[in-house]
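Structure assessment
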Amino acid sequence: MYYMQGLQDFEAVAIWVVFGIAIVGLLYALVLRSQILGEDKGTEKMQEVWNAIKDGANAYLQKQFRSILPLIAVLTVALFLSVYVVPPSPEAQERFQGLNDAQLKLWIGIARGLAFIMGAGFSLTVGQLGMRMAVEANVRVASASKRSFGEALRIAYRAGTITGMLTDGLGLLGGTIIFIILGIAAPDALLGFGFGGTLLALFMRVGGGIFTKAADVGADLVGKVEAGIPEDDPRNPAVIADLVGDNVGDCAGMAADIFESYEVTIVSGLILGLALWHTTGRLEWIIFPLMVRGIGVLSSIIGTYFVKAGKTGKSEDAMKAIFSGFLTSATISAALFFIAGFLYLNTDAMNQWGGWWRLPTAVGVGVLLAIVIDRLTEYFTGTHAAPVNDVKKSADTGPATLILNGISLGFESSVWSVLVIAITIIASIFIFGSIPGVDGVERATFILYGVAMTGIGMLTLTGNNVAMDSFGPIADNANGIGEMSWSGKTDKATKDAQQIMADLDAVGNTTKAITKGVAIGSAVIAAVSLFGSFLVDVERAQKAANAAAVALGNVAPFEKFITEVGIRVDVPQVFVGMLIGGALPWLFSSFAIQAVSRAASLIVLEVRRQFKLGVLEGKVKPDYKQAVEISTTAAQKELVSLALLGIVTPIVVGLFLQVEALGGFLAGIIVSGQLLAVFLNNSGGAWDNAKKLIEDEPKDPAKNLGKGSDRHKAGVVGDTVGDPFKDTAGPALNPMIKVVNLVAVIIAPIVVQYAGASGGVQLAVWFVGLLLLALLGWAVMRSKAPAPSMAAAVEVKPAGKSKKK
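Owing to the predicted nature of the structure, the values given are computational and were not obtained by experimental measurement.

A count of helices and strands for the protein gives 22 helices and 0 strands. Oriented by its inertia axes, the alpha-carbon framework of the protein measures out at about 85 × 60 × 45 Å. Here the protein holds 805 residues, and 62% of them are scored as buried. Partitioning the intrachain contacts of the protein with sequence separation of at least 6 by distance along the chain shows that 85% fall at a separation of at least 24. Carbon and sulfur atoms form 65% of the exposed surface of the protein, whose accessible area is close to 28,300 Å². Taken together, the 63 basic and 65 acidic charged side chains of the protein have centroids lying 6 Å from each other.

Over its 42 residues, helix α6 (residues 186–227) extends 59 Å from the first C-alpha to the last, a length consistent with the 62 Å expected when each residue adds 1.5 Å. The largest bend along α6 measures about 30 degrees and falls at Asp220. Here α6 lies mainly inside the structure; 38 of its 42 residues are buried. Within two residues after α6, Gly228 carries a phi angle of roughly 70 degrees, on the positive side.

Tallied over the entire structure, the rule returns 5 cavities of 30 Å³ or more. Considering the residues around the largest cavity, the lining is formed by 16 residues, among which Lys213, Asp216, Glu231, Asp476 and Asp688 are closest to the centre. At the level of elements, α6, α7 (239–280), α16 (492–551), α19 (624–695) and α20 (710–753) are the ones that each hand at least two residues to the lining of the largest cavity. Residue contributions to the lining of the largest cavity peak at 4 residues, all from α20. By residue class, the composition of the lining of the largest cavity is no nonpolar, 1 polar and 15 charged.

A separate point is the packing of α7 against α19. Relative to each other, α7 and α19 sit at 45 degrees, their axes nearing to 7 Å. In terms of axis orientation, α7 runs oblique to α19. Every residue of α19 that contacts α7 at Val239, Ile240 and Ala241 is listed here: Tyr624, Ala627 and Val628. Residue composition of the contact of α7 with α19, grouped by class: 6 nonpolar, no polar and no charged.

A few words on the packing of α19 against helix α21 (residues 759–783). Running from N to C, α19 and α21 cross one another at 150 degrees; their axes reach a closest spacing of 9 Å. Classified by the angle their axes make, α19 and α21 are roughly antiparallel. Between α19 and α21 lies a crossing whose hand is left-handed. The residue inventory of the contact of α19 with α21, partitioned by class, reads 18 nonpolar, 4 polar and 2 charged.

The next subject is the packing of aromatic side chains. Applying the stated criterion across every chain, the model contains 20 aromatic pairs. The interplanar angle of 90 degrees and the centroid separation of 5.6 Å between the aromatic rings of Trp285 and Tyr449 together place this pair among those described as edge-to-face. Remark: Tyr449 occurs in helix α14 (residues 440–458) and Trp285 occurs in helix α8 (residues 284–304); sequence separation between them is 164 residues. Its relative accessible area of 1% is what places Trp285 among the buried residues. Between Phe338 and Trp356, the aromatic rings sit 6.5 Å apart at their centres with planes inclined by 85 degrees, giving edge-to-face as the arrangement. Placement of Phe338 in helix α9 (residues 315–345) and of Trp356 in the loop between α10 (348–351) and α11 (358–381) is noted, with a sequence separation of 18 residues between them. For Trp356, a relative accessible area of 21% puts it in the partly exposed group. Aromatic ring contacts, followed pair by pair, group Trp285, Trp353, Phe432, Phe446 and Tyr449 into a single cluster. Here Arg293 stacks its cationic end above the ring of Tyr262, 3.9 Å away from the centre of that ring.

Under the 1.5 Å per step criterion, the end-to-end length of α20 is 64 Å for 44 residues, consistent within 8% with the ideal 64 Å. Along its length, α20 reaches its greatest deviation from straightness, about 40 degrees, at Ile747, and the proline Pro749 lies no more than four positions downstream. Within α20, 38 of the 44 residues are buried, which leaves the element mostly enclosed by the surrounding structure.

Note that Leu81 resides in helix α2 (residues 44–82). With a relative accessible area of 44%, Leu81 lands in the partly exposed category. Sequence spacing of Leu81 and Gly119 is 38 residues, and the spatial spacing of their C-alpha atoms is 18 Å.

Phi at Gln658 takes a positive value of approximately 80 degrees, unusual for a residue other than glycine. Checked against the element boundaries, Gln658 lands in helix α19.

Two side chains bearing opposite charge may form a pair once their charged atoms approach each other closely. Throughout the structure, instances matching the rule amount to 28 salt bridges. One salt bridge in this structure joins Asp723 and Lys213, with 3.6 Å as the shortest N-O distance. With Asp723 in helix α20 and Lys213 in helix α6, this residue pair connects regions lying 510 residues apart in the sequence. Across the pair, Lys213 and Asp723 agree in class, each one buried. Linking Lys738 and Glu260 is a salt bridge whose minimum nitrogen-to-oxygen distance equals 2.8 Å.

Counting 264 residues, the largest nonpolar core has Phe288, Phe432, Leu504 and Phe534 as the members making the most contacts within it. Residue contributions to this core peak at 31 residues, all from α19. Among all residues touching Phe288, those that are not within four sequence positions of it are Phe337, Ala340, Gly341, Tyr344, Leu345, Leu359, Pro360, Val363 and Met453.

Time to look at the side chain of Thr462. The topology assignment puts Thr462 in helix α15 (residues 462–485). Thr462 sits in the buried class, given a relative accessible area of 0%. Look past the residues within four positions of Thr462 in its chain and what remains in contact with it is Gly164, Thr167, Asp168, Ile258 and Tyr262.

It is worth spelling out the side chain of Ser333 at this point. Structurally, the position occupied by Ser333 is in helix α9. Side-chain polar atoms of Ser333 contact the side chain of Ser299, separated by 2.9 Å.

So, on to the environment of Ala201. Along the chain, the position of Ala201 falls in helix α6. Assessed through its relative accessible area of 0%, Ala201 is described here as buried. Expressed as a C-alpha distance, the spacing of Ala201 and Arg540, which sit 339 residues apart in the sequence, is 29 Å. Apart from residues lying up to four places away in sequence, Ala201 is in contact with Ser123, Ala256, Asp257, Glu260 and Pro735.

Assignment of secondary structure puts Ala185 in the loop between α5 (149–182) and α6. For Ala185 and Phe80, which are 105 residues apart along the polypeptide, the C-alpha to C-alpha distance reads 16 Å. Excluding its chain neighbours within four sequence positions, the residues that come into contact with Ala185 are Glu91, Ala92, Arg95 and Phe96.

Bringing a nonpolar patch on the surface into the picture now. On the surface, Val77, Leu81, Tyr84, Leu106, Ile110, Leu114 and Ile117 cluster together into a nonpolar patch covering about 620 Å² of accessible area. Of all the secondary structure elements, the ones that give two or more residues to the nonpolar patch are α2 and α4 (101–144). If you tally residues by element for the nonpolar patch, the top one is α4, at 4 residues. Assignment of secondary structure puts Leu106 in helix α4.

Rules used in this analysis
Residues numbered from 1 in each chain as written. Predicted model: local features only at pLDDT ≥ 70, side-chain atom pairs only at ≥ 80, totals over all residues. Heavy atoms only, no water. Helix = DSSP H or I, 4+ residues; strand = E, 2+ residues; numbered from the N terminus. Buried < 20%, exposed > 50% of the residue type's maximum accessible area, 1.4 Å probe, protein only. Contact = heavy atoms within 4.5 Å. Areas by Shrake-Rupley, 256 points an atom, 1.4 Å probe, with all protein chains shown as cover. Lys, Arg positive; Asp, Glu negative; His and termini not counted. Charge placed at Lys NZ, Arg CZ, Asp CG, Glu CD. Expected span 1.5 Å × (residues − 1). Bend = angle between axes of the 7 residues up to and from the residue. 1 Å grid on protein atoms, 1.4 Å probe; cavity = no way out; pocket = protein on both sides within 12 Å on 5 of 7 lines; lining within 4 Å. Points joined across faces, edges and corners; volume = space filled by probe spheres on them. Nonpolar A, V, L, I, M, F, W, Y, C, P; charged D, E, K, R; others polar. Axes fitted to C-alpha atoms, helices over the stretch in contact; angles between N-to-C directions. Parallel < 35°, antiparallel > 145°, perpendicular 65-115°, else oblique. Left-handed = near helix turned anticlockwise from the far one by under 90°. Phe/Tyr/Trp six-rings, centres within 6.5 Å; stacked < 30°, edge-to-face > 60°. Lys NZ or Arg CZ within 6 Å of the ring centre and 35° of its normal. Salt bridge = Lys/Arg side-chain N within 4 Å of Asp/Glu carboxyl O. Core = buried A, V, L, I, M, F, W, Y, C linked by side-chain atoms within 4.5 Å. Polar contact = N/O pair within 3.5 Å; in protein donor to acceptor, adjacent residues only side chain to side chain. Patch = residues over 30% accessible without salt bridge, like charges linked within 9 Å, V, L, I, M, F, W, Y side chains within 5 Å.

The structure is reproduced here in structure tokens:
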């Protein structure tokens, strides 16, 4: 309490209440966990399949942790030492007035390093614990499907809510703890907190995406297309790796992704709130975002209980139930935002800055943005809307027309998504751009703060969003467990259970696509907010550089600050930076899809090898562990090179082209990354659901209907193309964009400090830049390594000779 200087009694109490709400969210996750673990796990055969999935998932997580740990240690030291390159902020100096310069740097360096560890640790915890709970739930959902649709839906959604509450609780807990301890100096450490969470999300997104789609593509190409066996057929050696991949990609990866968005929006909001505190002298700009997050946790908990199956027990009913819970939480949140705003912000001091209603209105716009993106994504990827049914119809004329239809759908959906986000930013201009007596640089800061509040509002319902996403792989795994356990059974109870699982699986595809849409939208809003933080930090660094030069009797290097001149694209080096930023998402996506292609090639070869041994005929049992090991090794191998693109590129641009070009680089990556990510996500989702619609048709070879038909094979081809789109490259762009922005915010003051350096200092800067360029070259060459020759690999591993690892 005593560390939060300048707070009124109500504000201090509110902060501790927010802290308590974070604990409540975590406790609620524990309550749900005990409920889920108490559910029936089904037959012995179901548990056998489940244990294989569980072992594969745990093996992947352990290997991933060992791969990540050394880099976390190196970056922790780097962030600690960063305060000795660029001194702590004036707020930190004001906050710790009793410390000398050396003590202050030591304290802020430790705080930044610990915040980085906490952000990375929380992100890892959310991903790993969330995935483990999803694995625990899938067999229980499969068992519940034998009893009723409603029970299976309840278990699947509440298991996903556990991950949502972990995301909410830990994200809110971390930010609140840092603010309680550091007060107005919190942004010095919050950058470390956000960077830790974002970097871990990038690793988990990339690694999980490569694992899941290598297994999925490999299993489908050989199993469905070549051998003509059903999806999740127990004879397919890659089927367990495919089911494991759903968890490590869509549970662990997405949970970490949403968590870091949750962190980054609050980080950018507090940094811009601090800038407004300097302008207005009011702490409300900093306190209210934390209150909003607390309201969101409570609303998400309440919304959970409104997800109930209706009378029909069909997929339409499940989607309505899930959206009903989401809408309930949104309505409660919006009402509480305005109540809290009226009680806290309706003062003479705040009313002179335009009225109390502006902050809750901006947050409400963010909630509305989440709902609109939810509906927009469901329209383009849901099984009941026209776009996916058009893709399904195009299967009549083969895979080429089906793929073309899906590509055009993705292009169109990108346009509508970016227009929705543009309207949201325009709303912030209307809300904060008309404050009396505010213009110029101050007006821009207010507007960017409004954008940050929109992002905070958009992710207010993080608990619901993550629950919707985790629902997808839980339903998918439950369907797979049922397929493998009930193979050959034709009784009515089994058929009904299989239909329930198929319906939930179809809904899960849509909820995953919706959550990815929200994640992409939040990534763009967070990136725009961080762009505002970038401008604020650059201006501060430029003022510090001027002051240092004048103190030494030299001419101030900056006549005008970046907030006064802006990022001018008519300056050639700025335009070059924007071009590089616009190109980076495409290069990153290319390398991610190439990684899937290489790993899938190995899976294809392994499945073919085992089929030649007689697995299909039942002569030998499939060796599931080989495919899991191939996917795990491939996923970890590609992590470093892809991560380096996001970490090193902005540093190189800043060192060689200066800070204004770095601003252009950020603008380029935000626009290009948004359009590409939505295209990849929605095209892939549409192809997947079009295939499922064909599979749900009554099987009739004479009419070219249902599984095994030419139309189905066209659908499988489209789904296989879309898999790395929607589950690897598209989702990984979200954390990549934010890693780039956070690295830019961290490196910008260093770039400003050494701008115009001469002599030995300039040589040292250029030497570091050349080393980083060489590192980028290595990453590019590694990512472009060709996939192994299938023909050669088949000759090396003939049938009957199993290569042991």
